[in-house]
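Structural description and commentary
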Amino acid sequence: MHNIIEVLDNIYWVGVNDRRINRFENMFEVPNGVSYNAFVIKDEKNVLMDSVEGAFTRQYLENVETALDGEELDYIIVSHMEPDHCRNIDFILKEYPNCKFVGNSKTHKFFEQFYNDNYKDRYVEIKDGEKLNIGKRNLKFVFAPMVHWPEVFMTYETTEGLFFSADAFGAFNAIAGNIEADKVIHKGDWLEQARRYYINIVGKQGKMVQNLFKKVEGLDINAILPLHGPVYKDADSINFILEKYGHWAGFTPEEKGVVIVYSSMYGGTEQASDILANFLAQEGVEDIVLYDVSDWDYSYPIADCHRFSHQVFAPINYNAGLYYKMDAFLRELVGTGYKNRTVSFLNNWSWGGRSLEISKEILEPAKLNYIGEDVKINSAVKEPNVEELRELAKVIAEDYKNTEI
Ligand SMILES: Cc1cc2nc3c(=O)[nH]c(=O)nc-3n(C[C@H](O)[C@H](O)[C@H](O)COP(=O)(O)O)c2cc1C
Ligand SMILES: [Fe+2]
Ligand SMILES: [Fe+2]
């Protein structure tokens, strides 16, 4: 059965909600699923903005058919060729023989790489800044290379100022009825899911996102319609998400706070992290988050390391090197473009190894500001370590107090 939403005048959400998925892109945990948004714009020419995941062909085709209400489909516009949005393009082209496939040269090339070249005669190749008139509305294409695939472009509808932003401004969580951002963004875990989505999937491309912002500066934006999560239709929600993106794309912390990411087999490093957290609290640090790196999908601590001003990493020795899960976590963190943070270290060894050195080598490209003495624990926390942890907490808390966001 079709399930569509008229999100704006003559613009229909024809996307789907995926609540069965455990890991988006087989990587990131999505306990509340994800939506794949697609939209039909009805005008003299009818346009379909993007497609959805492969498991939802029937639902998607029914949604599109319902939105069209017996009319022709003239164009499908494909903002990027990542398979979560693309697996149904050829089903649409088959179903609607007059439908043209709008993309840039790379879009069509990727389509052929992933799928087939059966629809070459339907390609419309657009250039950056080009416009397409569809009746009352004009669609202007804004190329956004590497946000987060090479061929990505966004579509700006000039009549009402609607910005179809591809994956930018997307969020995890399936849509639970309310698709308008103002109904959800100040509730529940929306912000966490939007941050976790952006940081882990697009995060590294902050420079490209900033370039995109320069390109659209001055455009009147009255709505943002991303490919995942809610649709932004009011000034407050639009300003709210733009402010967040300013931090995320610029790699500046959103909030003052300390994230402690530790690894621990026998509990010694875990206890040291716990004691440090208590001392930090006593010194007046309000936001403290602890993550056991073995327990969490890395996307959560990674998002919080981008969110907060201060981090403490607690690597342990393992086979003379760095405990593998911490190793993988730190590499992935650096891979998201993580930088400009103030960082301290706890370390634990029983017979030796290079875990602390390797951690610092991995973090080298992030150009971090290290503060405090590295606290080194020999198997288990002892009285002198408690004093060292208290000292470290004081140094971090002092820096925290002097941090301006
Ligand atoms: C497979 C394995 C390899 C280990 N390799 C090392 C090592 O090379 N050097 C070392 O100091 N400790 C090594 N350890 C021990 C722990 O990393 C060490 O006791 C640590 O200091 C304990 O911290 P925790 O109580 O937080 O787990 C190893 C442990 C295991 C299970
Ligand atoms: Fe994508
Ligand atoms: Fe996507």
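Cut-offs used in this document
- Residue numbers run consecutively from 1 along every chain, following the written order of its sequence.
- Each chain gets a letter, beginning with A, and each ligand a number, beginning with 1, in the order they are written.
- pLDDT decides what is reported in this predicted model: residues at 70 or higher carry local features, side-chain atom pairs at 80 or more are listed and counted, and totals for whole chains, interfaces and linings draw on all residues regardless.
- For side-chain calculations, the full set of non-hydrogen atoms in the structure is used, while hydrogens and water are omitted.
- Throughout, exposure labels follow a simple rule: accessible area from a 1.4 Å probe, protein chains only, divided by the maximum for the residue type, with under 20% read as buried, over 50% as exposed, and the rest as partly exposed.
- Each helix is a run of H or I in the DSSP string that is no shorter than four residues. Each strand is a run of E no shorter than two, and both are numbered from the N terminus.
- Should DSSP find at least two bridges between two strands, the strands are taken to pair.
- Water is not among the atoms examined, so metal sites may look incomplete; donors are the N, O and S atoms within 2.8 Å of the metal, or within 3.2 Å for Na, K and Ca.
- Lines are fitted to the C-alpha atoms to define the axes, a helix being fitted only along its stretch in contact, and any angle between axes, read from their N-to-C directions, falls within 0 to 180 degrees.
- Contact between two residues is taken to exist if any of their heavy atoms lie within 4.5 Å; hydrogens are not considered.
- Between the rings of Phe, Tyr and Trp (Trp by its six-membered ring), a pair exists once the centres lie within 6.5 Å; its type follows the angle of the planes, with under 30 degrees stacked, over 60 edge-to-face, and the other angles tilted.
- In this scheme, Lys NZ or Arg CZ marks a charge over a ring once it lies within 6 Å of the ring centre and within 35 degrees of the ring normal.
- Near, as used in this document, describes a residue that has one of its heavy atoms within 4 Å of the molecule or strand being considered.
- Residue-level accessible areas treat just the shown protein chains as cover; the underlying method is Shrake-Rupley with a 1.4 Å probe.
- Three categories are distinguished: nonpolar for Ala, Val, Leu, Ile, Met, Phe, Trp, Tyr, Cys and Pro, charged for Asp, Glu, Lys and Arg, and polar for the others, with Gly belonging to the last.
- Per the annotation, domain bounds derive from an automatic or database assignment of domains.
- Put simply, buried area is the surface a 1.4 Å probe can reach on two separate parts but cannot reach once they are joined, added for both.

Attention now moves to the pairing of strand β24 (residues 375–378). In β24, alternate side chains face the same way, and those of Val375 and Ile377 are buried while those of Lys376 and Asn378 on the opposite face are not. Summarising the sheet, strand β22 (residues 342–349) and β24 pair through four bridges and their orientation is parallel. Paired with Trp349 across the strands is Asn378, a residue of β24.

All of the protein donors around the iron ion (ligand 3) are Asp84 (OD), His85 (NE2), Asp167 (OD), Asp167 (OD) and His228 (NE2); their distances to the metal are 2.1 to 2.8 Å. All donors to the iron ion (ligand 3) come from one chain, and their sequence spacing reads D-H-x81-D-x60-H. Here the iron ion (ligand 3) and the iron ion (ligand 2) are spaced 3.2 Å apart, and both take Asp167 as a donor. Here Asp84 is found in the loop between β9 (75–77) and α2 (89–95), whereas its partner Asp167 is found in the loop between β15 (162–164) and α4 (181–184), with 83 residues between them in sequence. Each of the two residues, Asp84 as well as Asp167, counts as buried.

Turning our attention to the sheet that holds strand β14 (residues 153–157). On the basis of which strands lie adjacent, the open sheet formed by five strands has the order β12-β13-β14-β15-β16 and mixed pairing. Strand pairing shows two members of the sheet lacking a second neighbour, β12 (131–133) and β16 (223–225), which therefore form its edges. The sheet shows a mean angle of 20° between the axes of neighbouring strands, taken without regard to direction. In the sheet, β15 pairs with β16 via three bridges, with the strands oriented parallel. By the bridge assignment, Phe164 is partnered in β16 with Leu225. Where helix α6 (residues 206–216) meets the sheet, its contacts fall on β13 (138–143), β14 and β15, and the angle it forms with β13 comes to roughly 145°.

A few words on the packing of aromatic side chains. A complete count under the given rule lists 31 aromatic pairs for this structure. On the numbers, 5.6 Å between centres and 70° between planes, the contact of Phe24 with Phe172 is edge-to-face. Placement of Phe24 in strand β4 (residues 23–24) and of Phe172 in the loop between β15 and α4 is noted, with a sequence separation of 148 residues between them. Using a relative accessible area of 2% as the deciding quantity, one classes Phe24 as buried. With centroids separated by 5.3 Å and ring planes inclined at 50°, the aromatic side chains of Tyr245 and Trp248 adopt a geometry described as tilted. With a gap of three residues between them, Tyr245 and Trp248 both fall in helix α7 (residues 235–250), about one helical turn apart. Residue class for Trp248 comes out buried when judged on its relative accessible area of 2%. An aromatic cluster is defined as three or more aromatic residues linked by ring pairs; in this entry it consists of Phe101, Phe110, Phe111, Phe114, Tyr115, Tyr123 and Trp149. The residue whose ring lies beneath Arg196 is Tyr300, and the NZ or CZ to ring-centre distance is 4.1 Å.

Time to look at the site of ligand 1. Around ligand 1, the surrounding shell holds 16 residues, and the nearest of these are Met265, Thr269, Asn317, Ala320 and Ser350. When isolated, ligand 1 has an accessible area of 640 Å², and the protein chains bury 88% of it. Here the shell around ligand 1 is composed, by residue class, of six nonpolar, 10 polar and no charged.

Turning our eyes to something else, we now look at the domain arrangement of the protein. Reports of interface size often rely on the accessible area that becomes lost once the parts have come together. Each assigned domain of the protein is listed with its residue range as follows: domain 1 (5–250) and domain 2 (259–400). Placing the centre of domain 1 and that of domain 2 at their C-alpha centroids yields a distance of 38 Å. Contacts between the two partners involve 13 residues from domain 1, matched on the other side by 13 residues from domain 2. Together domain 1 and domain 2 conceal approximately 1,100 Å² of surface at their shared face, both sides included; 51% is due to carbon and sulfur atoms.

With that out of the way, let us pick up the pairing of strand β1 (residues 5–8). One ladder, built from three bridges, connects β1 with strand β2 (residues 11–13); its direction is antiparallel. Following the sheet pairing, Leu8 is matched in β2 by Ile11. Two successive antiparallel strands, β1 and β2, enclose a turn made up of two residues, where Asn10 displays a positive phi of approximately 60°.

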